[in-house]
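Fold and geometry: a report
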Amino acid sequence: MISARKRIWGWMLFDVAQQPYATLGLTFVFGPYFAEVASDLFAAQGASSQAAGAQAQSLWGTAQTLAGVVIALSAPFLGAYADASGRKTPWIAGFSVIYVLCACGLWFLHPDGTNLLPVLVLFWLGFIAGESALNINNAQLPSLAPPDRIGRISGSGAAMGYWGGVLALFLVLLFLAENATGRTLLGQAPVMGLDPAQREGTRSVGPFIAVWFVLFIIPFLLWTRETAAPLRRPSMREVWSDLRGTLRDVLRRRSLGSFLLSSMLYRDGLGALYSFGGIYATLVLDWTIIRIGVFGIVSAIAAAVVTWIGGLADQRLGPKPVIVASCWALIGVCSVIVGVSREAIFGVPLAQGSTLPDILFFLCGAAIGGAGGAMYSASRTLMVRHANPTRAGGRGVRAFCADRAGHGLPRPGVDRSVHRDHGFDTAGLPARNPAFPRRALAATLHGPPRRPFPMTHRPFKAFALILLLAACGGGNTVAQDAVSPQGAGDSRVAKHVFGSMPQPSSQTSQPIGGYSQGCQAGAAQLPETGPTWQAMRLSRNRNWAQPATIDFIADLSAYAATLPGWRGLYVGDMSQPRGGPMTSGHRSHQTGLDVDVWMNAPQRLDLSPQEREEISAIDMQRAEGAYVNDRWTPAHEALLRHAAQDPRVARIFVFAGAKVAMCDHATGDRSWLRKIRPWYGHNEHFHVRLDCPAGSATCAPQDPIPMGDGCDEARSWVAGILNPAPADPNAPPAEPRGDLTLAELPGQCMGVLASD
């Protein structure tokens, strides 16, 4: 005989089993990883960095919408069928098998985008199975305890689920999920020999979810036993009759109808907040998987604590006050989120590197977790109060699933093909109906109303909601033109003007225009000497760049210091203080996103300024660049491979013989070779070019790299070096390339020149 206490514990452990699919899969690990992989794939196919991010977000949202439609359309039939069949546990077990298999399938999404669409289908199929099983499990809640204890049990179960999510997320961050350097939160490689270059630590979150679910579903199946009843197969006529009865009941009971409609609206918005939270942090705030995971732990802890408190309030006050308070809390959160970006808060520019957006998003995440958890638990209680305990599957599932169809729906006025930060523009619409018809529910939940809600307040509430919708619909606008006509007609030679500027502009940091036809605002200076680097040729004053480039050099040089015989990097030309064409040498390096790294393996990092002028970079080529010479080492290949695997890097230029050597030696994953591009004159240094920073409206990205590893192209370069085609005596002489004038640069560059 299983005690009532054990039945309750078994029922609550289902929340623990199911929660990691949402915590690890939907929001904090797999969702951001999917967005990263999809964005990179779309960029490789020709989309700009910004458009690629928008396409990735749109693909995820569209799949979520379709999954929601499937749940919404199937839930009434499944619930009614489960009721009529006499037993619910076999349905939960069947959906659990689908859930586990789909979770395991997440492993097959590779960093290069292989299996992107099949894995996306598997993820949302598993989501459908998990939600269907969860909703049928929720239908068992009325049978566990008297009505006055249901709120506390629901809240405790949801809180247990969140604590399970915290533990699962913590384990994944410590031992599996890797950051850009291939390390977990412990600073080590993923366990069990998982390859960080193939993101196997992050990909293993799928099998981890499956194993976790199996472990915690066992006590549920053992302890949560249904009243003995034969399992029967009802006819479709019987199921349809039940559905029609439920519909008539909804139309007859104003309280139930109001709850279903309101729940559809406010939980739609909450679902969007959950789904796009990690993606927003990835695409707008540029957070890594590790940082998103820490954010998830904070949010889940807040959710666990506040949900438990919400359960106590539910038992004392009833579920409706908890739901209404949660809705208003989420209104406030959404009002903040839509005004936050990396560069500004509600249009007020931030200092470069400001942590305020991160702090605000952490606080918002805690509020979303807490208010969302309390709302979920109280909604489950309210569902039970409306349900007939003997038919909880049909009505309960329908009440709890009515909101699912809207998750991720494209919102009016939002062009997801352009904007990457619009995932939250109207996710804030849990506010769309936060205070569902009060008098309709009052009798059901609290007895006769103490005082009708004053009619004079209703226009004010409506006006407040209209203002909120307007705020949520706007989002952060992105300039559509990266080039203004401000400098049109100015025939001055640009290199003379920009080359004479000794200091950067006092503006917000941003690259402007293209790599070979632009400038930079608010440049940062690479320190002349750092822990693992030295800037060379200081007299040129070209150790200026965008902050992202400075960070990249710090990271790459730290890796170089781990290579045998290397103490770090010697850094060559970056950009001038305000970018633009250089007085000599490079045609590129104009926007602060390019950097030359010498091939020398530094033995000293205490060179004097004079020594840095006199020392020379070493030549690595043989036969005019067709081959590498004996100075080329495996460490050079490891350094270039590490740089190419950095997601910030757009491409790396090096002489053709070096590319062919790397092609010949590369094993395993060869996708990084695609970013290594053969180019003349890069035999003493390699040239790293970074992508336009996320959200930059003034940066013009370069055309995407062709698909493939590029090795055949490099070999054709070598063949051309060894066997050059004879010169065409009839070919006209090449026209000399003239110097760029200020009129040919983006108009914003005039503002850069005019700035203090």
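Report on the accompanying structure. Bear in mind that the values here come from a model prediction, so they are computed numbers and not experimental data. (Residues numbered from 1 in each chain as written. Predicted model: local features only at pLDDT ≥ 70, side-chain atom pairs only at ≥ 80, totals over all residues. Heavy atoms only, no water.)

**A short note on the nonpolar core**
- One finds L24, F30 and W124 to be the most contacted residues of the largest nonpolar core, which totals 91 residues.
- In contact with F30, not counting residues within four places along its chain, are L24, G25, W60, L106, L109, V119, F123 and V205. (Core = buried A, V, L, I, M, F, W, Y, C linked by side-chain atoms within 4.5 Å. Buried < 20%, exposed > 50% of the residue type's maximum accessible area, 1.4 Å probe, protein only. Contact = heavy atoms within 4.5 Å.)

**Examining the packing of aromatic side chains**
- This model, assessed by the stated rule, comprises 21 aromatic pairs.
- Centre to centre, the rings of F14 and F213 are 6.2 Å apart; their planes meet at 80°, and the pair counts as edge-to-face. With F14 in helix 1 (residues 4–28) and F213 in helix 8 (residues 205–223), this residue pair connects regions lying 199 residues apart in the sequence.
- Among the residues examined, F14 registers a relative accessible area of 0% and is labelled buried. (Phe/Tyr/Trp six-rings, centres within 6.5 Å; stacked < 30°, edge-to-face > 60°. Helix = DSSP H or I, 4+ residues; strand = E, 2+ residues; numbered from the N terminus.)

**A closer look at helix 18 (residues 547–560)**
- For helix 18, spanning 14 residues, the distance from its first C-alpha to its last is 20 Å, which sits close to the expected 20 Å at 1.5 Å a residue.
- Where helix 18 is concerned, the buried positions are P547, T549, I550, F552, I553, L556, S557 and A560. (Expected span 1.5 Å × (residues − 1).)

**Quick look at the state of the cysteines**
- Counting across every chain of the model gives 3 disulfides.
- Between C519 and C749 runs a disulfide, and the two sulfur atoms are separated by 2.1 Å. Since a negative S-S torsion denotes a left-handed disulfide, the C519-C749 link at about -100° is left-handed. Residue C519 is located in strand 4 (residues 517–521), and its partner C749 is located in helix 23 (residues 748–754); the two are separated by 230 residues in the primary sequence.
- Here C663 connects covalently by a disulfide to C711, the sulfurs 2.0 Å from one another. On the sign convention where negative means left-handed, the S-S torsion of about -90° between C663 and C711 marks this disulfide as left-handed. Of the two residues, C663 sits in helix 21 (residues 656–665) while C711 sits in helix 22 (residues 711–722), which places them 48 residues apart along the sequence.
- By relative accessible area, which is 4% here, C663 ends up buried.
- Overall, the relative accessible area of 3% leaves C711 in the buried class. (Disulfide = S-S within 2.5 Å.)

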